[in-house]
Amino acid sequence: MQMTSAPHLLAEDGPEYARILGDALRHAHERPDLEGVGDRLNTEQLRTMALNATALITAAAATEYEHYVTARAELRAASAPAPDGDPYTDAARITAPGPGAGIGAVLTVLTPLLAGAAAVIFLLVGYLLRAVSPSLAFGTTMVAAGWFFAAVAAAAILVAAVGLLVTALRNGASSPAPEEAEEELPEEVARAREAWRHALLERGILPFFRDALADPAAGRAARTPHRSPNRIPKVGYSRPDFSGPEDGPAAGPRPTFTSPDFTSPDFGGPEHRPE
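Throughout this document, residue positions are counted from 1 along each chain, in the order its sequence is written. For this predicted model, a pLDDT threshold of at least 70 governs which residues receive local features, and a threshold of 80 or more governs which side-chain atom pairs are given and counted, while totals over whole chains, interfaces and linings are taken from all residues. Computation of side-chain values covers all heavy atoms of the structure but excludes hydrogens and water.

Residues Val 106, Val 109, Leu 110, Leu 113 and Leu 114 make up a contiguous nonpolar surface patch of about 480 Å² in total accessible area. Put simply, DSSP H or I for four residues or longer makes a helix, DSSP E for two residues or longer makes a strand, and each gets a number counted from the N terminus. Here Leu 114 is to be found in helix H6 (residues 99-132). Any residue with relative accessible area above 30% and no salt bridge may belong to a patch, with like charges joined within 9 Å and the nonpolar Val, Leu, Ile, Met, Phe, Trp and Tyr side chains within 5 Å. All accessible areas in this document rest on Shrake-Rupley with a 1.4 Å probe, and a residue is counted as covered only by the protein chains that are shown. We count a salt bridge whenever a side-chain nitrogen from Lys or Arg sits within 4 Å of a carboxyl oxygen from Asp or Glu.

The following block contains the structure:
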């Protein structure tokens, strides 16, 4: 299907466009056709110009991008859950907590707190009893119980720390890296995305860099953006030539006219009657 207009770059694909642009700039010095990088324009100026011309650059890979977006939308639609399930059964299945995980989390949190509080209480009461009555055996028992609960609290804290460390390591090992997550896509979607990336780089970003480096005016405008009178595009017609009458060609004699001769009738006052 031939596209009549370039699709707008979706927000979720903006980081991918920025990543491809960054990779192209990092390897720009390795390409002989971009040898002007650093002389006419540096990488930051090229990055700014390319970000401002995102619509122009992505239009060069419009067909590949449309195919990639369509394949991705079909994949998401196919992996969406069926809407004809029982909502109450699904909600119960999702919200029902696992008994093992709940009890373990409660014990991990409460054991150090309760054991530590019991250790403080028993030690405080035991040492007070021993200070008041050293011969009383109950004070020694309270001190021994306090140290036992202190040891339990320390062991519970150590077990909780080890458990958190093991969980973090397991989650880090099970979470896929960006490259691994990309390989898990279906073959059609992965192939469409790779075709869009290649077309965006070869037909969009790199030609834009070459045109920017070959145009000296672009370099001057990027270095001094506040003094860029050439940013206004030239329209394909010129303004009409309005000239004064003295600038035009010699014209023939202009028509002349005289005002009508209005004369007053020949009469005067009562003593001057007409003949």
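So, next bit.
Further remarks concern the packing of aromatic side chains. We call Phe, Tyr and Trp rings a pair once their centres come within 6.5 Å, taking the six-membered ring for Trp, and we label the pair stacked below 30 degrees between planes, edge-to-face above 60, and tilted otherwise. In this structure the tally under the stated criterion is 5 aromatic pairs. On the basis of an interplanar angle of 15 degrees and a centroid distance of 5.8 Å, the ring pair of Tyr 68 and Trp 196 is categorised as stacked. One end of the pair, Tyr 68, is in helix H4 (residues 62-79); the other, Trp 196, is in helix H9 (residues 187-214), and 128 residues separate them in sequence. Type-normalised accessible area, obtained with a 1.4 Å probe on protein chains alone, sets the label of each residue: buried when under 20%, exposed when over 50%, and partly exposed for intermediate values. Take Trp 196: its relative accessible area is 1%, and that puts it in the buried class. Between the aromatic rings of Phe 208 and Phe 209, the centroid separation amounts to 6.5 Å while the plane-to-plane angle is 55 degrees, which identifies the pairing as tilted. On the accessibility criterion, Phe 208 (16% relative accessible area) is buried. An aromatic cluster of three or more residues is present, and its members are Tyr 65, Tyr 68 and Trp 196.

Its place among the elements puts Glu 64 in helix H4. Considering only alpha carbons, one finds Glu 64 and Trp 196, 132 residues apart in sequence, at a separation of 4.8 Å. A contact between two residues is defined here by any heavy atoms of the two lying within 4.5 Å. In contact with Glu 64, other than residues within four places in its own chain, are Ala 192, Ala 195, Trp 196, Ala 199 and Arg 203. Of the polar contacts made by the side chain of Glu 64, one reaches the side chain of Arg 203; its length is 2.8 Å. Each polar contact in these results corresponds to two N or O atoms within 3.5 Å; when the atoms are within protein, one needs to be able to donate a hydrogen and the other to accept it, and residues that are neighboring in sequence are counted only if both atoms are side-chain atoms.

With that settled, the discussion passes to H9. When the terminal C-alpha atoms of H9 are compared, their 39 Å separation across 28 residues agrees well with the 40 Å that a helix rising 1.5 Å per residue should span. The angle between axes fitted to the seven residues ending at a residue and the seven residues starting there is what we call the bend at that residue. Of all the bends in H9, the greatest, near 35 degrees, is centred on Leu 201. Given a helix with a known number of residues, its expected span is that number minus one, times 1.5 Å.

What follows deals with the pattern of salt bridges. Evaluated as defined, the whole model comprises 13 salt bridges. Across the pair Asp 33 and Arg 210 runs a salt bridge, and its minimum N-O distance is 2.7 Å. A residue pair is termed long-range when its members are at least 10 positions apart, and Asp 33 in the loop between helix H1 (14-26) and helix H2 (43-52) and Arg 210 in helix H9 qualify at 177 residues. Accessibility expressed as a relative area gives 32% for Asp 33, which makes it partly exposed. The exposure class assigned to Arg 210 is partly exposed, which follows from its relative accessible area of 31%. Among the ionic pairs, Glu 44 bridges to Arg 47, the shortest N-O distance being 3.8 Å. Pair noted here: Glu 44 and Arg 47 are both in helix H2, with a separation of 3 residues, about one helical turn. Here Glu 44 falls in the partly exposed class, since its relative accessible area comes to 47%. On the accessibility criterion, Arg 47 (27% relative accessible area) is partly exposed. Members of the salt-bridge network, linked through shared partners, are Glu 16, Arg 19, Asp 23, Arg 26, Glu 194 and Arg 197.

Relative to the 26 Å expected for 18 residues at 1.5 Å per residue, H4 spans 26 Å between its end C-alpha atoms, a close match to the ideal helical length. All of the buried residues in H4 are Ala 62, Glu 64, Tyr 65, Tyr 68, Ala 71 and Arg 72. Where H4 is buried, its residues meet helix H3 (54-58) and H9.

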